[in-house]
Amino acid sequence: GVGLAGILPQKPDGDDKKEEKVDYLNLPCPVPYEEIQREALMSLKPELFEGLRFDFTKMLTQKFALSHSVLMGSLEVPSQSADVIKVPTSQYEFGANFLDPKLMLIGRLMTDGRLNARVKCDLTENLALKINAQLTSEPHYSQGMFNFDYKGTDYRAQFQIGNNAFYGANYIQSVTPNLSMGTEIFWLGQQRKSGIGFNSRYNTDKMVGTLQVASTGIVALSYVQKVSEKVRHYYYEHELSACYFNQALTCKYTEVQVSLATDFMYNHMSRDVTSSVGYDYILRQCRLRGKVDSNGVVAAYLEERLNMGVNFLLSAEIDHPKKNYKFGFGMTVGE
Amino acid sequence: MNLLSSGSPPIITTHKLQYPKFLIILLSATRLAEAAMEKGKAPAEAAESAAAYAARLAREWSTWAMKNTKVVAHYGFIPLVILVGMRSEPKPSLAQLLSPV
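Just so it is clear, the structure is predicted and the values come from calculations on it, not from any experiment.

**Remarks on a nonpolar patch on the surface**
All names here are of chain A. Together, Leu123, Phe146, Phe148, Phe159, Tyr167 and Trp187 line one region of the surface with nonpolar side chains, adding up to about 560 Å² of accessible area. Assignment of secondary structure puts Leu123 in the loop between β5 (115-122) and β6 (127-135). Residue classification places Leu123 among the partly exposed residues on the basis of a relative accessible area of 44%.

**Describing helix α3 (residues 50-86) of chain B**
All names here are of chain B. Over its 37 residues, α3 runs 50 Å from end to end, which matches the ideal 54 Å to within 8%, given 1.5 Å per residue. Of all the bends found along α3, the most pronounced is centred on Gly76 and spans about 50°, while Pro79, a proline, follows it within four residues. Where α3 is concerned, the buried positions are Leu57, His74, Phe77, Ile78, Val81, Gly85 and Met86.

**A closer look at the interface of chain A and chain B**
If you look at the interface, chain A gives 24 residues, while chain B gives 18 residues. Counting the surface lost from both chain A and chain B, the interface buries some 1700 Å², and carbon and sulfur atoms represent 78% of this. Linking chain A to chain B there are zero salt bridges. Counting across the chain A and chain B interface gives four residue pairs in polar contact (both at pLDDT 80 or more). Those elements that place two or more of their residues in the side of chain A that touches chain B are β1 (51-59), β2 (64-77), β3 (85-99), β4 (103-110) and β5 of chain A. Looking at the side of chain A that touches chain B residue by residue, the class counts come to 14 nonpolar, seven polar and three charged.

What counts, and where the lines are drawn
Residues numbered from 1 in each chain as written. Chains lettered and ligands numbered in written order. Predicted model: local features only at pLDDT ≥ 70, side-chain atom pairs only at ≥ 80, totals over all residues. Heavy atoms only, no water. Patch = residues over 30% accessible without salt bridge, like charges linked within 9 Å, V, L, I, M, F, W, Y side chains within 5 Å. Areas by Shrake-Rupley, 256 points an atom, 1.4 Å probe, with all protein chains shown as cover. Salt bridge = Lys/Arg side-chain N within 4 Å of Asp/Glu carboxyl O. Helix = DSSP H or I, 4+ residues; strand = E, 2+ residues; numbered from the N terminus. Buried < 20%, exposed > 50% of the residue type's maximum accessible area, 1.4 Å probe, protein only. Expected span 1.5 Å × (residues − 1). Bend = angle between axes of the 7 residues up to and from the residue. Contact = heavy atoms within 4.5 Å. Buried area = accessible area lost by both parts, 1.4 Å probe. Polar contact = N/O pair within 3.5 Å; in protein donor to acceptor, adjacent residues only side chain to side chain. Nonpolar A, V, L, I, M, F, W, Y, C, P; charged D, E, K, R; others polar.

In structure tokens:
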């Protein structure tokens, strides 16, 4: 070839996927029921915060780590009028994590005595126990949930017991290699409420679409499209050799992953409709997420990797109708 | 001490009988509580059958157990995580745990 075309590597052939015969007895295991919308949630709902945030994680061994987290910002106080009332608050949170393939223990303790505990234990190869609890010093404000998860070859089943006599069960099954459908029921003892819901998830390599319908009157849809490209970066590499003017044109491939996500939620009881559109750029040194809402909320979240283990965070959320502006910055040190 | 042992030296008593001492105190407390409950409800015992009485006792003791489990979990979860972490391989030292670096 001529010029650059001669030295550049050939573009790979477009993927020619052979039409494979679907083996319906050998379908993949579906994602857990509560995680069917995880791609959309990761892209559209980052952990926005207001104020200063500093996290320090100290790894003592590969599996055991201690973390210290400081947040100085404003807390919104619910008010009767349309005004937004913010109260300045500061908190320190101490955390201890033990992460093992078979046992996971995560505990977070705040200065006001609130403990956030998560336990995940593999009882057998297919059965796992998950405990999620928020314990407070004030009586009657604590919450806890026990989940028993069973993972089959192409299905998952889960049974939940929570405080206030909450019982729930859900089941999700792979129907085709790309489609999985599930159902759930729950019963709330204290308020004598029960509900049933259905959801389904369709995913390929490039996109994920989910639908959720519940008898509490909620309909939720989401769609995530993954656009991944190998972007070529050209830069000159200087050789510090005898011949200083020796410059080599180097071509390096960086993978840029872009996800475009959209989300729609309709609540029949309160006649509330919300729709949001967002993007998620995963670059080599940073991750940038932004979204626009139908409620007039614009949000963005940037995580920039400054150095090995040091991340710089910027968070912004602008609520135009309520005139609520939240800006935050922070640093995360440690893995 | 006097009602627990007679004749054995005091030092051996404190060490050997520590665990049974706790059990004896717990059992006597249970007996006292039951006696108090019986006194209070002796007139109404005719109205309550044995099964209902057992169910009520079970409910009260399970509430007591839940309340104390919550307190134990609240105070003991983080120490439990630290204990499990310190015993995992490679065992870190106490200096590593407490130092800020």
